[in-house]
Structures are given as C-alpha cells and as structure tokens.
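Read off the chains here:
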Amino acid sequence: MATMEECRAALDELSDNLAGANGDVRAAAALDRSLSCHITDLDRTFTGRLRDGRIEVEHTLEGPPGERAQIRLAMKGDDLVAMVAGELNFARAWTSGRVRLEAGFRDLLTLRKLL
C-alpha cells in the first residue's frame, strides 16, 4: 500500500507533468478549479487547486473531503502512484471504477483531453 508521502510525491510529479505539457493537454490543465483527491485506502484527502497548469495542494485532511471541490478524484494510493508512473491507464481505471472523477459537465469535456 502506498504511503501518504508517496501519494503526495505522485501529485507533485503529476503537477510537474501538467506544467510541462503542450497543446490540448496544456490548455486542459490551465483550468482554475478547486480540487480534491481522496485516497480511499488511507482515508485521507488532499485539497487544493488546479491553477495555471499546476496542482497546488493546500491541505491534507483525514477522511473524505469536507467540502465539495469543483474537480473531485477518489482512488487507492497504489492506483495514484501507478497512474503517474505510467503503469495504469487513467481512462481504463476510470471506466472500470478503480478511479472516480467527478466534475461539472463542462469541466469533464475539458479534462477528457488529459485522459
């Protein structure tokens, strides 16, 4: 099972990857939205913002997110680490239910470019 430190490192790496992206991916990552990522097996949540192509983690909370972020992710820590490492395809993980992504319809259309 991935640790909180490994999950945080994966989010930081994902942020770096998004910041270095080009084209449609860069445009999709340029949203300014509140973000939560609930690590279900550790029952901890990272909250922050997706802003200017970066993920800015502001808080780490125990349990599920208390407030409803505009973009909400939920997954096991191992799945987060595997996705960022390129070992798990996000779209397949999402369609199989291993990863939950919730957002407004307009944001989902924009975020599909990241998938």
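Cut-offs and rules
- Residues numbered from 1 in each chain as written.
- Predicted model: local features only at pLDDT ≥ 70, side-chain atom pairs only at ≥ 80, totals over all residues.
- Heavy atoms only, no water.
- Helix = DSSP H or I, 4+ residues; strand = E, 2+ residues; numbered from the N terminus.
- Rg over C-alpha atoms; globule rule 2.2 N^0.38 Å.
- Buried < 20%, exposed > 50% of the residue type's maximum accessible area, 1.4 Å probe, protein only.
- Contact = heavy atoms within 4.5 Å.
- Areas by Shrake-Rupley, 256 points an atom, 1.4 Å probe, with all protein chains shown as cover.
- Lys, Arg positive; Asp, Glu negative; His and termini not counted.
- Charge placed at Lys NZ, Arg CZ, Asp CG, Glu CD.
- Core = buried A, V, L, I, M, F, W, Y, C linked by side-chain atoms within 4.5 Å.
- Pairing = 2+ DSSP bridges.
- Axes fitted to C-alpha atoms, helices over the stretch in contact; angles between N-to-C directions.
- UniProt positions renumbered as here; feature names shortened; annotations may be inferred.

The name an unreviewed UniProt entry assigns to the protein is SCP2 sterol-binding domain-containing protein, from the organism Streptomyces melanogenes.

A separate point is the overall build of the protein. Within the protein one finds five helices and five strands. Element order for the protein, N to C, with α for helix and β for strand: α-α-β-β-β-β-α-α-β-α. A compact globule built from 115 residues should have a C-alpha radius of gyration of about 13 Å, and the protein, at 13 Å, falls within 12% of that. Considering only C-alpha atoms, the protein reaches an extent of 35 × 30 × 25 Å along its principal axes. The proportion of buried residues among the 115 residues of the protein is 40%. Considering only contacts within the protein whose residues lie at least 6 apart along the sequence, 57% involve residues at least 24 apart. For the protein, the exposed area adds up to about 6,600 Å²; of that, 47% sits on carbon and sulfur atoms. Measuring between centres, the 16 positive side-chain charges of the protein sit 8 Å from its 19 negative side-chain charges.

Generally speaking, soluble globular proteins have nonpolar side chains that are buried together. Formed by 29 residues in total, the largest nonpolar core has its most connected members in Phe46, Ile71, Leu73, Met75, Leu80 and Val99. Mapped onto this core, the elements with two or more residues apiece are α1 (4–19), β1 (33–39), β2 (44–51), β3 (54–62), β4 (71–75), α3 (77–84), α4 (90–96) and β5 (100–103). Tallying contributions element by element places α1 first for this core, with five residues. Apart from the residues lying within four places of it in its own chain, the contact partners of Leu73 are Leu35, Ser36, Cys37, His38, Phe90, Val99, Arg100 and Leu101.

Pairing is mixed across the open sheet formed by five strands, whose spatial order is β3-β2-β1-β4-β5. Each having just a single partner strand, β3 and β5 make up the two edges of the open sheet. The mean inter-strand angle of the sheet, taken between neighbouring strand axes irrespective of direction, is 20°. As paired strands, β4 and β5 are joined by four bridges and run antiparallel to one another.

As a further point, take the pairing of β2. Across seven bridges, the pairing between β1 and β2 is antiparallel. Residue pairing in the sheet places Ser36 in a bridge with Thr47 of β2. Between β1 and β2, which pair antiparallel one after the other, the connecting turn spans four residues, and Asp43 there sits at a positive phi close to 50°. Pairing geometry for β2 and β3, over eight bridges, is antiparallel.

Take the UniProt feature "domain: SCP2" (unreviewed entry) in the protein next. Cross-referencing UniProt, the feature "domain: SCP2" (unreviewed entry) maps to residues 29–102 in the present numbering. End C-alpha to end C-alpha, residues 29–102 measures 16 Å, and it is 22% helix and 43% strand.

Examined against the element boundaries, Ser36 turns out to sit in strand β1. Residue contacts for Ser36: discarding those within four places in its chain leaves Thr45, Phe46, Thr47, Pro65, Ala69, Ile71, Arg72 and Leu73.

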